[in-house]
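Chain and residue survey
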Amino acid sequence: MKEKILLHTCCAPDATHSINVLRERNFFVITFFYNPNIHPEEEYIKRKNEMEKIKKFMEVENIDDVTYDKDRWHQICDIYANEKEGGKRCELCFRMRIEETAKKAKEKNINYIATTLTISPHKNAELINKIGDEIGKKYSINYLPTNFKKQDGFKKSIELSKKFGLYRQNYCGCIYSLNMRKLK
Ligand code: SF4
């Protein structure tokens, strides 16, 4: 029987290629949409709803029975509101989302977790994997280190997103990344 893996999924486009990679590694993939970082709420709903297309086109189970925990996200991350993308705020944001994935996996008796965050060319896979490893140890769960952007992974995710007609956002997610995008 295939081993189940709970894949923290930051958005539908990033899920596409990541699911394929994990399937090639013989995992039974279940996606988990937990992203209270996303601002504003309409954008959160839009990205969450795009997961319906992933369920349909990639025939995957998706868990999204979570509250839009934006107040808790701000409590944790606002301390570094002025940091650039990729800085200390992102470390806290990664940690919060991966930690929730570990808790959900424990609840569902799933032994492995991973995250789609490593597919982004703007994100440091080494740092994400270090955080994931710490969380894995804390919750006695197997965190699978990945670097989904390797071997043209990001490019492949763009191609699959086009094929499935997925919405692709042009900013990472939080209000600070949105403000930075507006300045460009
Ligand atoms: S830029 Fe992205 S990863 Fe960093 S804090 Fe904002 S939403 Fe999280």
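Coordinates for the structure precede this section.
Residues numbered from 1 in each chain as written. Predicted model: local features only at pLDDT ≥ 70, side-chain atom pairs only at ≥ 80, totals over all residues. Heavy atoms only, no water.

What follows concerns the layout of surface pockets. Counted as a void, the largest pocket has a volume near 530 Å³. Taken together, 26 residues form the lining of the largest pocket, with Glu85, Ser120, His122, Tyr171 and Cys172 sitting closest to its centre. Those elements that provide at least two residues to the lining of the largest pocket are helix H1 (12–24) and helix H7 (175–183). Of the residues forming the lining of the largest pocket, the biggest block, three residues, is contributed by H7. The class makeup of the residues in the lining of the largest pocket is 10 nonpolar, eight polar and eight charged. Of the voids in this model, the second largest pocket is the one considered here, and its volume is about 220 Å³. For the second largest pocket, the full set of lining residues is His17, Val21, Glu24, Arg25, Pro145, Thr146, Asn147, Phe148, Lys150, Gln151 and Lys156. Among the elements that take part in the lining of the second largest pocket, H1 stands out by supplying three residues, more than any other. For the lining of the second largest pocket, the residue count by class is three nonpolar, four polar and four charged. (1 Å grid on protein atoms, 1.4 Å probe; cavity = no way out; pocket = protein on both sides within 12 Å on 5 of 7 lines; lining within 4 Å. Points joined across faces, edges and corners; volume = space filled by probe spheres on them. Helix = DSSP H or I, 4+ residues; strand = E, 2+ residues; numbered from the N terminus. Nonpolar A, V, L, I, M, F, W, Y, C, P; charged D, E, K, R; others polar.)

This next bit is on the side chain of Lys123. On the secondary structure map, Lys123 appears in the loop between strand S4 (112–115) and helix H5 (125–139). Nearest to the buried, unbridged Lys123 among oppositely charged side chains is Glu85, at 4.5 Å. Dropping the residues within four chain positions of it, Lys123 is found in contact with Glu85, Phe94, Leu117, Ile128, Lys149 and Cys172. (Buried < 20%, exposed > 50% of the residue type's maximum accessible area, 1.4 Å probe, protein only. Lys, Arg positive; Asp, Glu negative; His and termini not counted. Salt bridge = Lys/Arg side-chain N within 4 Å of Asp/Glu carboxyl O. Contact = heavy atoms within 4.5 Å.)

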